[in-house]
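Chain residues, written in single-letter form:
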Amino acid sequence: MITTLNQLRFDNRMVRELPADPETENYRRQVSGAVYSRVNPTLVKNPQLVAGAKEVAALLNLPESVFAQAEFAQVFGGNQLLDGMEPHACCYGGHQFGNWAGQLGDGRAINLGEVRNQQGDYWTLQLKGAGPTPYSRTADGLAVLRSSVREFLCSEAMFHLGVPTTRALSLVTTGEWVRRDMFYDGNPQLEPGAIVCRVAPSFTRFGNFEIFSARGEIDLLKQLADFTIRTDFPHLLDHKSAGIGVDTYLQWFNDICRTTAQLMAHWMRVGFVHGVMNTDNMSILGLTIDYGPYGWLEGYDPDWTPNTTDAQGRRYRYGTQPRVALWNLAQLANALYPLINAVEPLQQALENYRIEYERCAQRDMANKLGLSQFDPAQDQVLTENLLQVLQSAEIDMTIFYRKLASPLPADIHQYTDQQWVDIVRDAYYSAPNADAEMVMANWMRNYALRLQQDYVLNGNDDQQRRQRMNAVNPKYVLRNYLAQQAIDKAAQGDNSEVETLLQILRNPYAEQPEYEAYFAKRPEWARHKAGCSMLSCSS
């Protein structure tokens, strides 16, 4: 374990091996013939640490005590560079809401460099909100406290839920004020500025490849693809040969399809809605990346989106996420086509995505219901009926599945409709009417019958069922209203609620009786409150 930031070892493979933008002045422009542009973070007045994640520090072999070092806020507030850092912003494009948007790039993200830890793992450190870059277009490259609190907490919450994600090392306020029009209604306000240090093996996106393919910069496309395979997918290389050919590209694309399918299944399992699934927000490592107007389902609604920008089209609503990911993969396939020059194997990889997603979704649903395995012949109908029941009234998804793991009667015929519904009644936002109660009770009886069959066939019991369910159905998730309460306190200089949520979300599947108050439905006051229901992309 190292003890100070100056002991971090940087090995910046991207800037060493790939073409840089020859222009070193930091002004907005179209950048061609380069993978990245060198750019330094903007100096800020008074960087102050709000919170740090000790688990992420450990990835860098840093002790928790590093957060207390005065130098820490200076470095991760953008005021100081460590020896070996080579800050840069990457060029990429993307499809936004289904339309090609051309060059986008790291408009407010600056990669500080790649740390190689003592285990030989590489971790890229990236500051989000550290000032303008050549890719900032008309924006200022900054971030505000509200969005930064949400990104910091959600990055770590997702990791502890078992969902692949970029990580967050730290959250630092800058001492600056940033002007934002939160509601896009022509009434901008000054908000406290903040910076999150994000950490990942790589921040490479689908859009990094799309931009070069769209511009016909095929040599650059190949350079980036080969570099990515060597650094992030070394298991695909035949070490007897240094060459990377068509077969390797196809294996690589299949890997991306597989991990993306697994990621989508995780999102659906925990009820997470990303909100902005543009291709520039899709990681080639199958990680959740770019936490903007995300949210968790409160009342189960497959048509819900947390993004005000998507309120009409609802392209990125909860229920369409697996399908959108497939569409995004198809755009990546188009971008990689010049390296492969064959349609059929790319189409097969996309079909493999469907197969893998279905496999993961069925496995997850079996676990969520406490079944030994998913039997399509009967469990497909059971699942479809459940999703209909969950839409028959306003029912909280997280609380429902957690309560469903309650003990069930040995004799399923001894319970009345009311007693069956009582098991999950805490998940209802308002009392169900007689019809809704009957529908739920009937489903619960069918579910109990299926469990009895599973116990007989597989030798399981009710205790094993409950353990299986509580291992995949979280008790605590980062509900929007909880995040907003932490933001409101932090804006007043009180960071205690950020720390409390970080602690709770470290153990989302545990009972944590001391935090029982956080296992609760969204309060009625939060139904339409800014930041607690839908959010804009303004941050």
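This structure is a prediction, so every number in the text was calculated from the model and none was measured. (Residues numbered from 1 in each chain as written. Predicted model: local features only at pLDDT ≥ 70, side-chain atom pairs only at ≥ 80, totals over all residues. Heavy atoms only, no water.)

Brief notes about the packing of aromatic side chains
Using the criterion set out here, one finds 19 aromatic pairs in the structure. Their ring planes at 80° and their centres at 6.1 Å tell us that Tyr-515 and Tyr-518 sit as a pair that is edge-to-face. Grouped by ring-pair contacts, the aromatic residues Trp-267, Phe-272, Tyr-291, Tyr-294 and Trp-296 constitute a single cluster. For Arg-13, the ring lying beneath its charged end belongs to Tyr-122, and the centroid distance is 3.5 Å. Here the basic side chain of Arg-150 rests over the ring of Tyr-294, its NZ or CZ set 4.0 Å away from the ring centre. (Phe/Tyr/Trp six-rings, centres within 6.5 Å; stacked < 30°, edge-to-face > 60°. Lys NZ or Arg CZ within 6 Å of the ring centre and 35° of its normal.)

A look at unusual backbone geometry
Positive phi is not limited to glycine here, since Arg-314 has a value of about 50°. Given the relative accessible area of 28%, Arg-314 is considered partly exposed. If you check the backbone angles, Asn-341 has positive phi at about 55° while not being a glycine. Its place among the elements puts Asn-341 in the loop between helix H8 (321-340) and helix H9 (344-369). Judged by relative accessible area, Asn-341 falls into the exposed class, the value being 53%. (Buried < 20%, exposed > 50% of the residue type's maximum accessible area, 1.4 Å probe, protein only. Helix = DSSP H or I, 4+ residues; strand = E, 2+ residues; numbered from the N terminus.)

Brief notes about the pairing of strand S5 (residues 99-103)
The pairing of strand S4 (residues 93-96) with S5 spans three bridges and is classified as antiparallel. The residue bridging Gln-96 from the neighbouring strand is Asn-99, located in S5. Linking S4 to S5, which pair antiparallel, is a turn of two residues; within it Phe-97 sits at a positive phi near 55°. (Pairing = 2+ DSSP bridges.)

Regarding the pairing of strand S6 (residues 109-116)
Taken across its eight residues, S6 has seven buried, putting it largely inside the fold. As judged from the seven bridges shared by S6 and strand S7 (residues 122-128), these two strands associate in the antiparallel manner. Bridge pairing links Asn-111 to Gln-126 in S7. As consecutive antiparallel partners, S6 and S7 are separated by five residues, and within that stretch Gly-120 has a phi angle of approximately 90°, a positive value.

Structural notes on the pattern of salt bridges
Two side chains carrying opposite charge are able to pair once their charged atoms lie near each other. As enumerated under the stated definition, the model contains 34 salt bridges in all. Among the ionic pairs, Glu-86 bridges to Arg-38, the shortest N-O distance being 3.5 Å. Within this pair, whereas Glu-86 is found in the loop between helix H3 (70-76) and strand S3 (88-90), its partner Arg-38 is found in strand S1 (residues 36-38), the two being separated by 48 residues in sequence. Its salt-bridge partner being Arg-317, residue Asp-303 comes within 3.1 Å of it at the nearest N-O pair. In this pair, Asp-303 sits in the loop between strand S11 (295-296) and H8 while Arg-317 sits in the loop between S11 and H8, placing the two residues 14 residues apart along the sequence. Residue classification places Asp-303 among the partly exposed residues on the basis of a relative accessible area of 41%. (Salt bridge = Lys/Arg side-chain N within 4 Å of Asp/Glu carboxyl O.)

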